[in-house]
Amino acid sequence: MKNFSISKIIAATLGAVIVVLAIAFTLQAQTSTLNVKPGSRITYTMQSSSSAQEVNVIVNTLVPTISFKWNSPDNQYGKVIMSNEAFANGKKLASMLFDDPNGDFGFFWLSQNMFNELSQGKTTFTLNNGVKVSGVQNGGIEQIQIKVNGVMKSVSVIHAKPVLPTGGEEFFVLNDPKNPLIIRMKTSEGGFSLTSITE
């Protein structure tokens, strides 16, 4: 009887160890946000109605302004600055890269105002150089798998769904008010998808 009890204790202990190891492994493969900082390299696939190409984004600064350089395999390149005002209160998004000398657009980031509105229910914006106001609503928190420092990890995102039942723009934004990085965007003009990041 004594030996039987010891065996049960050993079995229970081993089971607990296995459970702890499984939880630790799962947590290691998940991250709630991304540690984007100067020098981080983010790779996006940019899509149009007829083609897709890879673009590398190199973060220069995050404060006092967001700025980054980008380049593509076909030797296209540029530099983008998102002004303080745009990051705080901007309502302009872009699904493609183009010159923005005033720093008005959030190319890969939502403004903090837009993020707060979306978190509470819904928000509005204009896309690219258009004047049409689009709306999206909070479709809930989801997990997306992306490659972080060479390892596939799950990040927490807010799914921004079209307000209109007929459809419209849709995107997934990192669930982080300090770093509302857009992970994926889909529009009638194209969009983009983050494929990997080296923090």
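Small disclaimer: the values here were computed from a predicted structure and weren't measured.

Parameters and conventions
- Residues numbered from 1 in each chain as written.
- Predicted model: local features only at pLDDT ≥ 70, side-chain atom pairs only at ≥ 80, totals over all residues.
- Heavy atoms only, no water.
- Helix = DSSP H or I, 4+ residues; strand = E, 2+ residues; numbered from the N terminus.
- Buried < 20%, exposed > 50% of the residue type's maximum accessible area, 1.4 Å probe, protein only.
- Contact = heavy atoms within 4.5 Å.
- Areas by Shrake-Rupley, 256 points an atom, 1.4 Å probe, with all protein chains shown as cover.
- 1 Å grid on protein atoms, 1.4 Å probe; cavity = no way out; pocket = protein on both sides within 12 Å on 5 of 7 lines; lining within 4 Å.
- Points joined across faces, edges and corners; volume = space filled by probe spheres on them.
- Nonpolar A, V, L, I, M, F, W, Y, C, P; charged D, E, K, R; others polar.
- Pairing = 2+ DSSP bridges.
- Phe/Tyr/Trp six-rings, centres within 6.5 Å; stacked < 30°, edge-to-face > 60°.
- Lys NZ or Arg CZ within 6 Å of the ring centre and 35° of its normal.

J.: Can you walk me through the overall build of the protein in this structure?
T.: Counting secondary structure elements, the protein contains 3 helices and 11 strands. Starting at the N terminus, the α and β elements of the protein follow one another as α-β-β-β-β-α-β-α-β-β-β-β-β-β. By the burial criterion, 38% of the 199 residues in the protein qualify as buried. Partitioning the contacts of the protein with sequence separation of at least 6, the portion at a separation of at least 24 is 46%. Accessible surface, the protein: about 11,100 Å² in total, of which carbon and sulfur atoms supply 57%.

J.: Would you explain the layout of surface pockets in this entry?
T.: It is the rolling of a water-molecule-sized probe over the atoms that shows where space remains empty. A volume near 260 Å³ is recorded for the largest pocket. In terms of lining, the largest pocket is formed by 15 residues, of which the most central are Met46, Gln53, Val55, Met96 and Leu97. Mapped onto the lining of the largest pocket, the elements with two or more residues apiece are strand 1 (41-47), strand 2 (52-61) and strand 11 (190-198). A breakdown of the residues in the lining of the largest pocket according to their chemical character gives 6 nonpolar, 8 polar and 1 charged.

J.: In this structure, what is going on with the environment of Lys178? I would like to understand it.
T.: Structurally, the position occupied by Lys178 is in the loop between strand 9 (170-174) and strand 10 (182-187). Note on Lys178: relative accessible area 73%, which makes it exposed. Between the C-alpha atom of Lys178 and that of Phe115, which follows or precedes it by 63 residues, the distance is 9.5 Å.

J.: Looking at this structure, I do not really get unusual backbone geometry. What am I missing?
T.: Negative phi is the rule for most residues except glycine; trans is the rule for most peptide bonds. For the bond from Val63 to Pro64, the omega torsion is -5 degrees, close enough to zero to count as cis. The residue Pro64 is located in the loop between strand 2 and strand 3 (66-71) in this model. Positive phi is not limited to glycine here, since Asn128 has a value of about 55 degrees. Relative to the assigned elements, Asn128 resides in the loop between strand 6 (122-127) and strand 7 (133-148). Even without being a glycine, Asn149 presents a positive backbone phi close to 50 degrees. One can find Asn149 in the loop between strand 7 and strand 8 (151-162).

J.: Before we go on, may I ask you to explain the pairing of strand 2 in this structure?
T.: Residues in a regular strand project their side chains so that they alternate between the two faces of the sheet. Bridge count between strand 1 and strand 2: 7 bridges; the pairing is antiparallel. Paired with Arg41 across the bridge in strand 2 is Ile58.

J.: When you look at the pairing of strand 4 (residues 77-82) in this model, what are you seeing that I'm missing?
T.: Inspection of the sheet shows strand 3 paired to strand 4 by 6 bridges, in the antiparallel sense. Across the sheet, residue Phe68 finds its bridge partner in strand 4, namely Val80. With antiparallel pairing between neighbouring strands as the criterion, strand 3 and strand 4 make up a hairpin whose turn holds 5 residues, including Asn75 at a positive phi of roughly 70 degrees.

J.: I tried to follow the packing of aromatic side chains on my own but got confused; where do I start?
T.: Centre distance and the angle of the planes are the two values used to describe a pair of aromatic rings. Considering all chains together, one arrives at 9 aromatic pairs under this definition. Between Phe68 and Trp109 the ring centres are 6.1 Å apart and the planes differ by 40 degrees, which places this aromatic pair in the tilted class. Here Trp109 lies in the loop between strand 5 (92-93) and helix 3 (112-120) and Phe68 lies in strand 3, a separation of 41 residues in the sequence. Judged by relative accessible area, Trp109 falls into the buried class, the value being 2%. On the numbers, 6.1 Å between centres and 45 degrees between planes, the contact of Phe105 with Phe107 is tilted. When its relative accessible area of 6% is taken as the criterion, Phe105 is described as buried. Assessed through its relative accessible area of 2%, Phe107 is described here as buried. A cation over a ring is seen here: Arg184 above Phe172, with NZ or CZ 6.0 Å from the ring centre.

From the geometry alone we can't say anything about function, so treat these as descriptive.
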